[in-house]
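Here's the letter readout for the chains.
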Amino acid sequence: MIKLKEITSQPTVAQLPNGFQESKWLQTIKIILQPLQNLENLRQRYGDIFYSEFNSFPTQIIISDPQAIQELFTADPKLFESGSGNEIIQPLVGGNSLILLDGDRHVQQRKLLMPPFHGERMRAYGQIIRDITEQVSSQWTVGKPFVARSSMQDISLQVILRSVFGLKEGERYQQIKQVLVEMLNTFNHPLSATLLFFKSLQKDLGAWSPWGKFVRRRQLLDQLIYQEINERREQGKIDGEDILSLLMSARDEAGQPMTDVELRDELMTMLFAGHETTAIALAWALYWIHYLPEVREKLLQELNSIDITNADPMAIAQLPYLNAVCCETLRIYPVAFFCFPRILRTDMQLMGYDLPKGMYLSVCVYLTHQRPDIYPEPKRFRPERFLERQFSPYEFLPFGGANRRCIGAAFAMFEMKLVLANILSHYSLELLDKVPLQPVRRGIVFAPSGGVHLAVKEKLS
Ligand code: HEM
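Rules and cut-offs
- Residues numbered from 1 in each chain as written.
- Predicted model: local features only at pLDDT ≥ 70, side-chain atom pairs only at ≥ 80, totals over all residues.
- Heavy atoms only, no water.
- Pairing = 2+ DSSP bridges.
- Helix = DSSP H or I, 4+ residues; strand = E, 2+ residues; numbered from the N terminus.
- Axes fitted to C-alpha atoms, helices over the stretch in contact; angles between N-to-C directions.
- Buried < 20%, exposed > 50% of the residue type's maximum accessible area, 1.4 Å probe, protein only.
- Donors = N, O, S within 2.8 Å, 3.2 Å for Na, K, Ca; no water.
- Salt bridge = Lys/Arg side-chain N within 4 Å of Asp/Glu carboxyl O.

Visitor: Tell me about the sheet that holds strand S12 (residues 453-459), and name the residues and values.
Guide: Hydrogen bonds along the backbone pair up the strands of a sheet, which may run parallel or antiparallel. Pairing in this open sheet of three strands is antiparallel, and the strands run S4-S12-S9 from one edge to the other. Every interior strand has two partners, whereas the edge strands, strand S4 (145-147) and strand S9 (427-431), have only one. Recorded for the sheet is a direction-independent mean angle of 40° between the axes of neighbouring strands. Of the pairings in the sheet, the one linking S9 to S12 comprises five bridges and is antiparallel in character. By the bridge assignment for S12, Ser428 is matched with Glu458.

Next up, the structure:
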């Protein structure tokens, strides 16, 4: 049995010579500003399981070994907490968010939020996704550049507002859209993302200070959300198929409905977790498809085999090469580099190591997806690898796993496929970025630097 002491005797970040003997602060800044290089350096030096120390986070074990991930994901979920380790996003989503909950409350809330993202309801979302994609892309002009991430964010935000909130076009819809984008833009620069990591920087020093601006936008957004909740309640409109209706009509064991603050926090969670992530994945997909002409060719061949405009959305979602392109996009640069932390509620053994209660375990999606033993030539974008073999949920995990697995995974994949199929079958696009793009931090996720610059060469129909 390998004792924890022996892991401790492996070099830790703090003990390292040459550049790694830095303060926690410097380590944190480096991992925020140059995440890829730093993570890869750490893995090269310490292997698939190592300790690391970052500011605002307790000491944690970073894991990129599928066997260890399997042990973790198949263990009893009651052994871990995650919500308490996600405090960093509390300012965005509020304390009642699913992401911050643990134990029974987490299980109950997940049960409530899961069904609308599966099965028959998905088909209905297909038309919404198509309509919104057409509406947003119709604003593109031939020859005029546009930023893919912004356009994709416009699409994914509207998709969430209509399918999750059940909102119709109108003044409030436009206001929510605008304020939310501005609010998330507070963290759109790697440096401004540090605001989330350092609590000491979260000071409202007036309307022009970065945190002050964020707080004011959040207040405005809260007002808009509460107005929507009140209006629905007053008009008795809580029987719709959208998630807001569902949450408003839900009752707990004592027969009590969710409070307005609880409703607000779950709506913010869907908005926050659901739209920017999907938009970033779509921007990356458009980048790779236009960066590699052979990928575009192959995809067009497949898309041309069916009538995309009239096809059943489910038939589009089953196209094998389109699926492989989406998977490879999420493999090579996953939007979330890490799963939520798993914090040990009791002592545990993992891969023969004795780990003490309270230890933070962080599965690193990025490093797992970059393993050459699972993905030969990991830096190459090669969708074919997803046609040649199946990867286990411990090898390919862009949506995390076990009891915290992303509840929007099927929805996000569905949206990605429909948006891409629609755009590619109606527009011939050109990539304007001439150098390879790298992921940069946006808040707690990672997006292509510059957002991917594209231009319409030709409108096809
Ligand atoms: C490409 C898009 C997306 C990616 C890459 C992504 C990724 C992730 C990841 C890695 C986790 C953590 C899982 C874990 O720790 O095991 C997560 C959790 C979550 N995601 Fe997503 N997500 C995406 C889209 C969405 C969408 C569309 C929604 C909802 C509308 C959503 C809602 C959530 C929620 C609520 C959680 C928390 C689950 C829990 O704590 O039980 N995500 N997501």
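Visitor: Any details on the environment of Leu271? Residues and values, ideally.
Guide: Mapped onto the elements of the fold, Leu271 is located in helix H13 (residues 260-291). Since its relative accessible area comes to 0%, Leu271 is described here as buried. Sequence spacing of Leu271 and Ile444 is 173 residues, and the spatial spacing of their C-alpha atoms is 15 Å.

Visitor: Quick one: what's the story with the coordination of the iron atom of the ligand, residue by residue and with numbers?
Guide: For the iron atom of the ligand, the protein contributes exactly one donor atom, Cys406 (SG), at 2.3 Å. With respect to the helices and strands, Cys406 occurs in the loop between helix H18 (385-388) and helix H19 (409-426).

Visitor: A description of the pattern of salt bridges should follow, citing residues and the corresponding values.
Guide: Per the counting criterion, the structure on display carries 23 salt bridges. Residue Glu328 is joined to Arg385 by a salt bridge in which the shortest nitrogen-to-oxygen separation is 3.1 Å. Here Glu328, found in helix H16 (residues 320-332), pairs with Arg385, found in helix H18; they are 57 residues apart in sequence, far enough to count as distant. Judged by relative accessible area, Glu328 falls into the buried class, the value being 0%. Judged by relative accessible area, which is 4%, Arg385 ranks as buried. A salt bridge links Arg371 to Asp373, with the shortest nitrogen-to-oxygen separation between them at 2.8 Å. On the basis of relative accessibility, which here comes to 11%, the residue Arg371 falls in the buried class. Relative accessible area serves as the criterion here: at 55%, Asp373 is assigned to the exposed category. Sharing partners across several salt bridges, the network here consists of Arg172, Glu228, Glu231, Arg232 and Asp242.

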